[in-house]
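Remarks on the overall topology
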Amino acid sequence: TGSLLAQDIQVNRQNKTIAVTADESTTADAEIAVLAIGYHNYGPTQDAAFQENVRAAERITKALLDAKVPKANIETDELRLRRAQIDEKWTADMKKERQFEAGQSWHVTVSASEAQAVVDLAVKAGANEVDDVEWNVADPLALQAKAGGAALAKAKTIADQMAKGLGTKLGELVYASNRAPVAKMWRGMTVNTSTAMVASTAEKQPKLTLFPQKVKSDATVYAVFSIE
């Protein structure tokens, strides 16, 4: 089959082994969301741009903390203050008021079920930048282990087919190695944010809608089996 031909298979008649390399992946529903939220502004002077940014940052972070998002889950990603790049499309007044620009951004880790409410809350508090959401599971190592187990089972199936093709029987697993990406661990973060309390508003306003992605883990297993 095509999947069989895609495998890196070696047969060694001297020590009577079959070596197989197999790839497999496993998916799971997202449990963790890392939100990229920020605030960007301009000012006629360096101090004015900076002070406005600080005030906005305080409103945004206070709103998150008031909603019971753990402080350990809010990380500053970037802080910038610089002379603005003048856009020729700006009017003379805009150019005068936009001499400097400032910006702050944060990574906010919450449960996937709270992601939508927290983004809405941050935007309502003044955040004007929202980037891609990083979706993950609470235990990425467990998901990787599941992918590794599936890859090993696939390798054994392929090796068994090869053994039958050689007119022999597959023996025990002699050696196996698993190559997988380094899992990102949520060190120092409280990932259980189910107690976050975000008040709903009766106001009808346009809002960004998040659709959690499936989390995928890949594994490549190299396995060597004996043959009789």
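First, a word on what this report is: a plain description of the structure on this page. Everything numeric here is computed off the predicted structure, so don't read it as measured data. (Residues numbered from 1 in each chain as written. Predicted model: local features only at pLDDT ≥ 70, side-chain atom pairs only at ≥ 80, totals over all residues. Heavy atoms only, no water.)

1. Some details on the pattern of salt bridges
Note the cut-off: Salt bridges, as used here, are contacts in which a Lys or Arg side-chain nitrogen is within 4 Å of a carboxyl oxygen on Asp or Glu. Helix numbers and strand numbers start at the N terminus; a helix is a DSSP run of H or I with at least 4 residues, a strand a run of E with at least 2. Between buried and exposed lies partly exposed: a residue is buried under 20% and exposed over 50% of the maximum accessible area for its type, with that area taken using a 1.4 Å probe on protein chains only.
Applying the stated criterion across every chain yields a total of eight salt bridges. Where Asp66 meets Lys62, a salt bridge forms, and the shortest distance between an N and an O atom there is 2.7 Å. With Asp66 and Lys62 both in helix H2 (residues 46-66) and four residues apart, this pair spans about one turn of that helix. Between Lys95 and Glu88 there is a salt bridge, and its shortest N-O distance comes to 3.3 Å. Owing to a relative accessible area of 24%, Lys95 belongs among the partly exposed residues under this scheme. Overall, the relative accessible area of 63% leaves Glu88 in the exposed class. One network of salt bridges, in which partners are shared, links Glu78, Arg80 and Glu129.

2. Describing the side chain of Gln116
To be explicit about the condition: Identification of polar contacts relies on pairs of N or O atoms within 3.5 Å, with a donor-acceptor requirement for protein atoms, meaning one able to donate a hydrogen and the other able to accept it, and with residues adjacent in sequence counted only if both atoms are side-chain atoms. The contact criterion used throughout is that any non-hydrogen atoms of two residues lie within 4.5 Å.
Inspection of the secondary structure assignment puts Gln116 in helix H4 (residues 115-125). At 2.7 Å, the side chain of Gln116 forms a polar contact with the backbone nitrogen of Leu210. Excluding residues within four positions of it along the chain, Gln116 makes contact with Leu208, Thr209 and Leu210.

3. Things to note about a nonpolar patch on the surface
Condition: The patches reported here contain residues having more than 30% relative accessible area and no salt bridge. Joining distances are 9 Å for like charges and 5 Å for nonpolar side chains (Val, Leu, Ile, Met, Phe, Trp, Tyr). Surface accessibility in these figures is a Shrake-Rupley result with a 1.4 Å probe; residues are shielded only by whichever protein chains are displayed.
A cluster of nonpolar side chains, contributed by Val123, Val130 and Leu208, occupies part of the molecular surface with about 220 Å² of accessible area. Structurally, Val123 is set in helix H4.

4. Quick look at the nonpolar core
Definition in use: We define the nonpolar core as a collection of buried residues of types Ala, Val, Leu, Ile, Met, Phe, Trp, Tyr and Cys that are connected through side-chain atoms lying within 4.5 Å of one another.
Among the nonpolar cores identified, the biggest contains 30 residues, and Leu35, Ile60, Leu64, Val108, Val110 and Trp135 are the most heavily contacted of them. Breaking this core down by element, the ones donating at least two residues are strand S3 (32-43), H2, strand S5 (100-111) and H4. Per-element tally for this core: the top contributor is H4, with six residues. Those residues within four positions of Trp135 in sequence are excluded, and the remaining contacts are Ala30, Ile32, Ala33, Ala112, Ala115, Leu210, Phe211, Pro212, Gln213 and Val215.

5. Details of the packing of aromatic side chains
The condition is simple: Only Phe, Tyr and Trp rings are paired, with Trp represented by its six-membered ring, and only when their centres lie within 6.5 Å; those with planes under 30 degrees apart are stacked, over 60 edge-to-face, the remainder tilted. Lysine and arginine charges are scored as sitting over a ring when NZ or CZ, respectively, is within 6 Å of the ring centre and within 35 degrees of the ring normal.
Under the definition given, this model contains two aromatic pairs. Between the aromatic rings of Tyr42 and Trp90, the centroid separation amounts to 5.4 Å while the plane-to-plane angle is 80°, which identifies the pairing as edge-to-face. You can see Tyr42 sitting in strand S3 and its partner Trp90 sitting in the loop between strand S4 (74-83) and helix H3 (92-97), a full 48 residues away along the chain. Taking the relative accessible area as the measure of exposure, Tyr42 reaches 28% and is therefore partly exposed. The positively charged end of Arg98 is found above the aromatic ring belonging to Trp90, 4.8 Å away from the centroid.

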